[in-house]
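The lines below spell out each chain.
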Amino acid sequence: MTPDRKTWGWCPSVWRPMPLDDGLLARLRPHLARLTAAQLRAVCDSATRLGTGQIEITNRASMQIRGLTAASHAAFLDDMRTADLLDPDLATETRRSLQVTPTWTPGDLTFRLAGSFLTRLGDLPALPAKWGYVLDCGTAPCLQDTPGDIRIEQSTSGLILRADGAPTGCTVTEDTVWDTAIALGQWALAHITTDHRRMAQITAQHTLPDRFTGTAPLPAAPPNHALHTLTLRPGPISAIELARAIDQSGAQAVRLTPWRSMLLEGAQADATLRTTETTP
């Protein structure tokens, strides 16, 4: 029987998969939501050999591999370690819950902040496993519909940090953003209850301190980028077909998005991937 979602108590991950009717579900969160073509082929091969051969892309730009078993999960961990897609342990994986605007470019603000985030993992408060940070600091926010708890965005006057559910945030700099995120997380931690474990639930019940408010983010806009796109139709994806589509596109790497698509680095054209007809 599939577990009641209210009793799961954690987000599935690579280190700690979730039991479902068709086996264990492992959720993979690549750094910067990016995989090289070789890494993607490794994931697809592992999903085919060790699971049902079905992959899902979530609205948090993660990959879910279905149908693993207790025995095959150990082999899956080995595959992900070989592909350099495995965090050193569960604690690191749980804390590294960062989503990024997939239209980043090497060396830009998003790229730099994602890197500095990794250096502060040990300083982050021990918040619930579902807790997440969103780097939406491109020229205009485009991840408002993507789940998250602490958001880093742009305003008319520069970078801001905003609690999910609050209309405004506070001004930060590249040097102060994570110190401020830690302070906001500590404030949230003091107000977490069994029924209110996410930031939007907390801000609906408690007034944020003034130091975390005051500056509105820029209006949302569609993402702006020059990369070709692989469009994914709703439903599970055949790992074999996904690997084939990436090979045919000539992409050197892919970036997962929360919009049922992948951005293709080095591809020659856009593409559409049909998904399987039935959900496993």
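Here, every reference points to the structure presented above.
Note that the structure is predicted; figures quoted are calculated from it, not measured.

Parameters at a glance
- Residues numbered from 1 in each chain as written.
- Predicted model: local features only at pLDDT ≥ 70, side-chain atom pairs only at ≥ 80, totals over all residues.
- Heavy atoms only, no water.
- Helix = DSSP H or I, 4+ residues; strand = E, 2+ residues; numbered from the N terminus.
- Rg over C-alpha atoms; globule rule 2.2 N^0.38 Å.
- Buried < 20%, exposed > 50% of the residue type's maximum accessible area, 1.4 Å probe, protein only.
- Contact = heavy atoms within 4.5 Å.
- Areas by Shrake-Rupley, 256 points an atom, 1.4 Å probe, with all protein chains shown as cover.
- Lys, Arg positive; Asp, Glu negative; His and termini not counted.
- Charge placed at Lys NZ, Arg CZ, Asp CG, Glu CD.
- Core = buried A, V, L, I, M, F, W, Y, C linked by side-chain atoms within 4.5 Å.
- Pairing = 2+ DSSP bridges.
- Arc of directions from axis to C-beta.
- Expected span 1.5 Å × (residues − 1).
- Salt bridge = Lys/Arg side-chain N within 4 Å of Asp/Glu carboxyl O.
- Axes fitted to C-alpha atoms, helices over the stretch in contact; angles between N-to-C directions.

1. Remarks on the overall build of the chain
Right, so step 1: Scanning the chain from N- to C-terminus turns up 8 helices and 15 strands.
Right, so step 2: Taken over the C-alpha trace, the chain has a radius of gyration of 19 Å; the compact-globule value for 280 residues is 19 Å, and the two agree within 12%.
Right, so step 3: Its C-alpha atoms give the chain principal-axis dimensions of about 55 × 45 × 30 Å.
Right, so step 4: Taken over 280 residues, the chain has a buried fraction of 51%.
Right, so step 5: Considering only contacts within the chain whose residues lie at least 6 apart along the sequence, 65% involve residues at least 24 apart.
Right, so step 6: For the chain, the accessible surface area stands at approximately 12,800 Å², while carbon and sulfur atoms represent 52% of it.
Right, so step 7: Between the averaged position of the 26 positive side-chain charges in the chain and that of its 28 negative side-chain charges there is a distance of 2 Å.

2. Here's the deal with the nonpolar core
Right, so step 1: Counting 39 residues, the largest nonpolar core has Ile55, Met63 and Leu242 as the members making the most contacts within it.
Right, so step 2: Here this core gets 6 residues from one element, more than from any other, and that element is helix 2 (residues 37-50).
Right, so step 3: Not counting the four nearest positions on each side in its chain, Ile55 is found in contact with Val43, Cys44, Ala47, Met63, Gln64, Ile65, Pro236, Ile237, Ala239 and Leu242.

3. Some details on the pairing of strand 14 (residues 261-265)
Right, so step 1: A large share of strand 14 lies buried, amounting to 5 of its 5 residues.
Right, so step 2: In this sheet, strand 14 lies alongside strand 11 (residues 228-232) in antiparallel orientation, the contact comprising 4 bridges. Pairing of His228 across the sheet is with Leu264, part of strand 14.
Right, so step 3: Hairpin connection between strand 13 (residues 253-256) and strand 14: a loop of 4 residues separates the two successive antiparallel strands, and Arg260 in this loop has a positive phi of roughly 55°.

4. Quick notes on helix 8 (residues 239-249)
The α-helix advances 3.6 residues per turn, and as a result positions three or four apart in sequence lie on the same side.
Right, so step 1: For helix 8, every residue scored as buried is listed here: Ala239, Leu242, Ala243, Ala245, Ile246 and Ser249. Buried residues of helix 8, viewed axially, fall in a sector of 160°; they line one side.
Right, so step 2: After helix 8 finishes, the residue Gly250 shows a positive phi value of roughly 80°.

5. Comments concerning the environment of Thr180
Right, so step 1: Inspection of the secondary structure puts Thr180 in helix 6 (residues 177-189).
Right, so step 2: As a C-alpha pair, Thr180 and Arg255 span 75 residues in sequence and 28 Å in three-dimensional space.
Right, so step 3: Excluding anything up to four places from it in sequence, Thr180 contacts Leu161, Cys170, Val172 and Phe212.

6. Let's talk about helix 3 (residues 70-82)
Right, so step 1: Compared with an ideal rise of 1.5 Å per residue, which puts 13 residues at 18 Å, helix 3 spans 19 Å between its outermost C-alpha atoms and is within 8% of the ideal.
Right, so step 2: Within helix 3, the full set of buried residues consists of Ser72, His73, Phe76, Leu77, Asp79 and Met80. Take helix 3 and look down its axis: the buried residues cluster within an arc of 165°, on one side only. Seen from the buried face of helix 3, the exposed residues on the opposite side, beyond 90 degrees, are Ala71 and Thr82.
Right, so step 3: Looking at the packing, one finds that the buried side of helix 3 touches strand 2 (23-28), helix 2 and strand 5 (63-68).

7. Let's talk about the pairing of strand 11
Right, so step 1: Where strand 11 lies against strand 15 (residues 271-273), 3 bridges are found, and the strand directions are parallel. Bridge pairing in strand 15 links Leu230 to Ala271.

8. Structural notes on the pattern of salt bridges
Right, so step 1: Applying the stated rule across the entire model yields 16 salt bridges.
Right, so step 2: In this structure, the salt-bridge partner of Arg49 is Asp45, at a minimum N-O distance of 2.8 Å. Taken together, the residues span about one helical turn, with Arg49 and Asp45 both in helix 2 at a distance of 4 residues.
Right, so step 3: Arg49 sits in the partly exposed class, given a relative accessible area of 48%.
Right, so step 4: Classification of Asp45 by relative accessible area gives partly exposed; the value is 41%.

9. Thoughts on the sheet that holds strand 15
Right, so step 1: The 5 strands are arranged 3-13-14-11-15 in an open sheet whose pairing can be described as mixed. Only two strands of the sheet have a single partner each, and these edge strands are strand 3 (34-36) and strand 15. Geometrically, the sheet is characterised by an average inter-axis angle of 25° between neighbouring strands, direction not taken into account.
Right, so step 2: Relative to strand 13, strand 3 is paired through 3 bridges, and the arrangement is antiparallel. Considered in strand 13, the bridge of Thr36 is made with Ala253.
Right, so step 3: Helix 2 rests against strand 3 and strand 13 of the sheet, and its axis sits at about 90° to strand 3.

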